[in-house]
Amino acid sequence: MSLTPAKRADYCPPGRFWQALLPVLLSGMLLLGASPAWAEVPSIEAQGFDHYTLALTWHPGFCASRSRPPRECRDPGLRRGTEEGFVLHGLWPSLPQRLRERGVERRRWWRQGCFIERPRPDGGFCRHPSLELSDELTRELDSVMPGRASCLGRYQYAKHAACLDVAAEDLFDTSVALVEAVNASAFTDFLVIHRGGEVRRNALIEAFEAAFGKGTGRALRLECAGRGNRLLTEVRIGIAARSLENFPAADSLVRLDRGNCATRVRIAAFD
């Protein structure tokens, strides 16, 4: 598009236009009492820990960061539609009280999880037991977790939930609902609009707060890879264990660490 000097001064590229307009639109919705119709999130009957970390992968960024991309990055069928929202990495309970009382530190729990008590089998993710899930949940999980092609679901359950008496059906039923809630939000819309481009890290936090409430950006952790940590691969959201069914209400969110992304972040897209 060719612009005269006078028109060029007034021209706002589409990405910048939506980056500026989205928080305004959302703020107007809040002032008018309007809010998105969130899907109901089922609770999980589990006790002994404070919060969950919902880990959501930006699939094009994850695939671009891998020197040896797994099957879910190479297979066009498994990539299809993943640019329209986040996909599930996992739902991770925080350090259980019984392990804290045994002197297990939080860092060790995040590194080893249930493998502290149940040693991890040698080999890849598919060495873990298969998941006993209903046919309906299997279909739903396949649609939001392309990493199941590499047995990611098996590994996530074995590491983060198998030692906590959390049924796989409950964990993944809730996980699917949480992914759908985030993908129905204007926060995800912001990323979709800017895929293939670059945004400020703070713009991502502002978009999150515009979607979920003032101050909720403290519950968002941004994970990046690549040179200078500028390629977005994942977002993590802290959720109070007692408030899963209220997600994404602001009072259901809990603070996480900041993450490692640079001041400007690239939102990858598949070619």
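Starting from 1, residues in each chain are numbered consecutively following that chain's sequence as written. Whole-chain, interface and lining totals are the exception, using all residues; otherwise, since this is a predicted model, local features are given only for residues with pLDDT of at least 70 and side-chain atom pairs are given and counted only at 80 or more. Here the side-chain values reflect all heavy atoms present in the structure, with hydrogen atoms and water set aside.

*Asks:* Honestly, the pairing of strand β2 (residues 87-93) in this entry has me stumped. Any pointers?
*Replies:* A regular strand carries its side chains on alternate faces of the sheet. Residue burial is assigned from relative accessible area. The probe radius is 1.4 Å, only protein chains are included, and a residue is buried under 20% of its type maximum, exposed over 50%, and partly exposed in between. By the criteria applied, helices consist of DSSP H or I runs no shorter than four residues and strands consist of E runs no shorter than two, each listed in order from the N terminus. β2 sits mainly inside the fold: seven of its seven residues count as buried. Note that strand β1 (residues 51-57) and β2 share six bridges and pair antiparallel. Note that in β2 the partner of A55 across the bridge is G90. At least two bridges found by DSSP between two strands is the condition for calling them paired.

*Asks:* Honestly, the pairing of strand β5 (residues 231-240) in this entry has me stumped. Any pointers?
*Replies:* Counting buried residues along β5, nine of its ten residues qualify, which places the element largely inside the surrounding structure. Where strand β4 (residues 220-225) and β5 come together, six bridges link them in antiparallel fashion. Paired with C224 across the bridge in β5 is L232. Adjacent in sequence and paired antiparallel, β4 and β5 are bridged by five residues, among which G226 carries a positive phi angle near 80 degrees.

*Asks:* Can you walk me through the state of the cysteines in this structure?
*Replies:* Disulfides are defined as cysteine sulfur pairs within 2.5 Å. A complete count under the given rule lists four disulfides for this structure. With a sulfur-sulfur separation of 2.1 Å, C63 is cross-linked through a disulfide to C73. Here the disulfide of C63 and C73 is left-handed, its torsion about the S-S bond being about -85 degrees. Remark: C73 occurs in helix α4 (residues 71-74) and C63 occurs in helix α3 (residues 59-64); sequence separation between them is ten residues. For the residue pair C63 and C73, the accessibility class agrees, reading buried in each case. Note that C224 is cross-linked by a disulfide to C261, the S-S spacing being 1.9 Å. Between C224 and C261 the disulfide shows an S-S torsion of about 90 degrees. By sign, it is right-handed. Of this pair, C224 sits in strand β4 while C261 sits in the loop between β5 and β6 (264-267), and the two are 37 residues apart along the sequence. For C224, a relative accessible area of 6% puts it in the buried group. The exposure class assigned to C261 is buried, which follows from its relative accessible area of 7%.

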